[in-house]
Amino acid sequence: MTGVQTCALPIYLELAQNINFSSEIGGWRLSKTENISIPPKMFEIKQNNKITIQQDTFKQINIINEWDVEEICNNIIKYKHVIIRADLQGSGKSYIAHNMSKIGYKVLFVCPTNKLAQSNKGVTINKFFGMNINNEDKISKIDSSQYDVIVFDEIYFADICKLSKIHQFVQNNPDKIIIATGDTAQLDPINEYSNVKNYDKYADECINIIFPYGIYLYENKRLKTDEDKAKLKQIKMDIFNLKIAPMTTIKKYFKFTTDRSEEHTSELQSHSFISYA
């Protein structure tokens, strides 16, 4: 025989203690497989301590005028650890974070992808924490002490391992301004948060623990007319309505063309809501 399974129950511990180990034929012995770590004590019962569950202390910051970037930045400076969420794309989450540099702060964007890092002149979250592709601490990390503001852009892309790193970083830097941007309407992380709880609710709960203060933006700042803004809201509602087929929504709001010539493409790019077949 090459091993024995034991249980924490006293009766099994007593039986296991009476096992005679020997090198003789038919005797019990430890496996000779490599990389087995032998505990210093044969059998030991450990008492689990009661886990203290942290109470949710999240507070939504009341913004009088969400078009007033100065008001929002002043609140971020005051509360330091803030998550900026938005109802619609183009509401100004990243713009507000970028504005911190315009008022004299040295800002570093920490992004989930290389493309976002390049567009924001920042670094990837793996580079920031010194992690390789398997989330192992294998490479040199960024010295954050030279920055006044750290922005974790599109934080909902981060998996649990990275959220744990962010949480520890926030706790270790109580006086540094740390901002997060994102919302659950984005793509989910590759490694799911939980296979039990609702993703949107659970993701919000996790991030609310890390960032105790939040700012919510309701209005799209890119579109100029009320008609276009209303259309964008309706598109979002239709996209997330599971009773409406995706192709139905696409056909409702987008036009199609098979002409991919450079001249035709340039002309179409000047219009809104164009899709290419």
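One can find the structure itself at the top, above this paragraph.
What this report covers is the structure whose coordinates are included nearby. In this text the structure is predicted, and so the values were computed from the model without any measurement. (Residues numbered from 1 in each chain as written. Predicted model: local features only at pLDDT ≥ 70, side-chain atom pairs only at ≥ 80, totals over all residues. Heavy atoms only, no water.)

Comments concerning the side chain of Asp153
Now for step 1: Along the chain, Asp153 turns up in the loop between β5 (149-152) and α6 (160-172).
Now for step 2: One buried charge, Asp153, has no salt-bridge partner; the nearest side chain with opposite charge is Lys93, at 7.1 Å.
Now for step 3: For Asp153, the side chain forms a polar contact with the side chain of Thr181, separated by 2.5 Å.
Now for step 4: In this structure Asp153 touches Ser94, Phe109, Val110, Cys111, Pro112, Leu116, Asn120 and Thr181, once residues within four positions along its chain are discounted. (Helix = DSSP H or I, 4+ residues; strand = E, 2+ residues; numbered from the N terminus. Buried < 20%, exposed > 50% of the residue type's maximum accessible area, 1.4 Å probe, protein only. Lys, Arg positive; Asp, Glu negative; His and termini not counted. Salt bridge = Lys/Arg side-chain N within 4 Å of Asp/Glu carboxyl O. Polar contact = N/O pair within 3.5 Å; in protein donor to acceptor, adjacent residues only side chain to side chain. Contact = heavy atoms within 4.5 Å.)

Section: the packing of α6 against helix α7 (residues 199-210)
Now for step 1: Running from N to C, α6 and α7 point in directions that differ by 20 degrees, and their axes come no closer than 9 Å. Classified by the interaxial angle, the pair formed by α6 and α7 is roughly parallel. For the pair formed by α6 and α7, the contact residues are Ile160, Leu163, Ile166, His167 and Val170 on the first element and Cys206, Ile207, Ile209 and Ile210 on the second.
Now for step 2: Residues that form the contact of α6 with α7 fall into these classes: eight nonpolar, one polar and no charged. (Axes fitted to C-alpha atoms, helices over the stretch in contact; angles between N-to-C directions. Parallel < 35°, antiparallel > 145°, perpendicular 65-115°, else oblique. Nonpolar A, V, L, I, M, F, W, Y, C, P; charged D, E, K, R; others polar.)

Let's talk about the packing of aromatic side chains
Now for step 1: Tallied over the full model, the rule gives eight aromatic pairs.
Now for step 2: Aromatic side chains Phe129 and Phe152 sit 6.1 Å apart centroid to centroid with 5 degrees between the ring planes, which places their arrangement in the stacked category. One end of the pair, Phe129, is in helix α5 (residues 125-129); the other, Phe152, is in strand β5, with 23 residues separating them in the sequence. Here Phe129 and Phe152 have matching classes, each one buried.
Now for step 3: Taken together, a centroid distance of 6.0 Å and an interplanar angle of 80 degrees make the contact between Phe152 and Phe169 edge-to-face. With Phe152 in strand β5 and Phe169 in helix α6, this residue pair connects regions lying 17 residues apart in the sequence.
Now for step 4: The structure contains a cluster of three or more aromatic residues connected by ring pairs, namely Phe128, Phe129, Phe152 and Phe169.
Now for step 5: The ring of Tyr147 carries Lys106 above its face, with NZ or CZ at 5.2 Å from the centroid.
Now for step 6: Across the ring face of Trp67, the terminal group of Lys221 is positioned such that the distance to the ring centre comes to 5.5 Å. (Phe/Tyr/Trp six-rings, centres within 6.5 Å; stacked < 30°, edge-to-face > 60°. Lys NZ or Arg CZ within 6 Å of the ring centre and 35° of its normal.)

A few points about the sheet that holds strand β7 (residues 213-217)
Now for step 1: Taken in spatial order, the seven strands of this open sheet run β1-β7-β2-β6-β5-β3-β4, and their pairing is parallel. A strand with exactly one partner marks an edge of an open sheet, and here the two such strands are β1 (59-60) and β4 (123-124).
Now for step 2: The pairing of strand β3 (residues 107-111) with β5 spans four bridges and is classified as parallel. If you follow Val110 over to β5, its bridge partner there is Phe152. (Pairing = 2+ DSSP bridges.)

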